[in-house]
Amino acid sequence: MSNLTFFKYDDLGTAREGGPLPERVIEGDAKFKNWDVDQSPDEKVRTGVWETTPGTYKSIKGGTWEFCYILSGVSEITEDGKPPVRVKTGDSFVMKPDFTGVWRCIETTRKIWVVYR
């Protein structure tokens, strides 16, 4: 077993498909795809690739830390009470526990995520 994990973007396997909870939808019909890549033995740290199609919905992190790196696309994230921030290919950021706001996907967006619970 190796202590290195590589993201094989052309062979991520079968995605879990879904979308925002109906009560969180603000506009449009965003569809999600999620590929789990790896996790710690205790499942506190997980990583993968996520994709959303255009739409706007409420984002609520709860008690989770999430590092994000945008692989492709354009989205706008608006933390409650703050101005909107546009994220695009090559951008990285951390969504801290208790983040609440709005995610507006302008162009289908794909990101790497690493979460800690």
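Let me begin by describing the structure that accompanies this report. (Residues numbered from 1 in each chain as written. Predicted model: local features only at pLDDT ≥ 70, side-chain atom pairs only at ≥ 80, totals over all residues. Heavy atoms only, no water.)

### Quick look at the packing of aromatic side chains
(1) Moving on: Under the criterion given, the structure shown has 5 aromatic pairs.
(2) Moving on: A ring pair is formed by Phe32 and Tyr57, whose centres lie 5.3 Å apart and whose planes are at 65°; its orientation type is edge-to-face. With a gap of 25 residues between them, Phe32 in strand E3 (residues 32–39) and Tyr57 in strand E5 (residues 55–60) connect regions that are remote in the sequence. Neither Phe32 nor Tyr57 differs from the other in exposure class; each is buried.
(3) Moving on: Three or more aromatic residues joined by ring pairs form one cluster here, namely Phe32, Trp50, Tyr57, Phe93 and Trp103. (Phe/Tyr/Trp six-rings, centres within 6.5 Å; stacked < 30°, edge-to-face > 60°. Helix = DSSP H or I, 4+ residues; strand = E, 2+ residues; numbered from the N terminus. Buried < 20%, exposed > 50% of the residue type's maximum accessible area, 1.4 Å probe, protein only.)

### Remarks on the side chain of Thr52
(1) Moving on: Structurally, Thr52 is set in strand E4 (residues 45–52).
(2) Moving on: With residues near it in sequence (within four places) discarded, Thr52 still touches Ala30, Lys31, Phe32, Tyr57, Trp103, Cys105, Thr108 and Thr109. (Contact = heavy atoms within 4.5 Å.)

### Here we look at a nonpolar patch on the surface
(1) Moving on: Taken together, Val45, Trp65, Phe67, Tyr69, Val94, Val114 and Tyr116 make up a surface patch of nonpolar side chains, about 590 Å² in accessible area.
(2) Moving on: Elements with a minimum of two residues in the nonpolar patch: strand E6 (65–79) and strand E9 (100–116).
(3) Moving on: It is E6 that provides the largest number of residues to the nonpolar patch, a total of 3 residues.
(4) Moving on: Secondary-structure assignment places Val45 in strand E4. (Patch = residues over 30% accessible without salt bridge, like charges linked within 9 Å, V, L, I, M, F, W, Y side chains within 5 Å. Areas by Shrake-Rupley, 256 points an atom, 1.4 Å probe, with all protein chains shown as cover. Salt bridge = Lys/Arg side-chain N within 4 Å of Asp/Glu carboxyl O.)

### Some points on the pattern of salt bridges
Side chains that carry opposite charge are capable of pairing whenever their charged atoms lie near each other.
(1) Moving on: Scanning all chains against the criterion turns up 9 salt bridges.
(2) Moving on: Here Asp80 and Lys58 are joined by a salt bridge, their closest N and O atoms 2.9 Å apart. One end of the pair, Asp80, is in the loop between E6 and strand E7 (85–88); the other, Lys58, is in strand E5, with 22 residues separating them in the sequence.
(3) Moving on: What makes Asp80 partly exposed here is its relative accessible area of 39%.
(4) Moving on: Between Glu76 and Arg104 there is a salt bridge, and its shortest N-O distance comes to 3.3 Å. Residue Glu76 is found in strand E6, and its partner Arg104 is found in strand E9; the two are separated by 28 residues along the sequence.

### A short note on the pairing of strand E8 (residues 92–95)
(1) Moving on: Of the two faces of E8, only the one carrying Phe93 and Met95 is buried; Ser92 and Val94 on the other face are not.
(2) Moving on: Sheet topology note: the E6/E8 ladder contains 4 bridges and is antiparallel. What sits directly across from Cys68, in E8, is Phe93. (Pairing = 2+ DSSP bridges.)

### Describing the nonpolar core
(1) Moving on: Core analysis: the largest hydrophobic core is formed by 15 residues, its most contacted members being Trp50, Tyr57, Ile77, Phe93, Met95 and Trp103.
(2) Moving on: Put simply, the parts of the chain that give this core at least two residues each are E6, E8 and E9.
(3) Moving on: When residues of this core are assigned to their parent elements, the largest contribution, 4 residues, is made by E9.
(4) Moving on: Setting aside residues up to four positions removed in sequence, Ile77 forms contacts with Pro83, Pro84, Val85, Val87, Phe93, Phe99, Val102 and Trp103. (Core = buried A, V, L, I, M, F, W, Y, C linked by side-chain atoms within 4.5 Å.)

### Some points on the state of the cysteines
(1) Moving on: Enumeration over the complete set of coordinates arrives at 0 disulfides.
(2) Moving on: Cys105 supplies the cysteine sulfur nearest to Cys68, a cysteine that is in no disulfide, at a spacing of 13 Å.
(3) Moving on: Cys105 gets classed as buried once you look at its relative accessible area, which sits at 4%. (Disulfide = S-S within 2.5 Å.)

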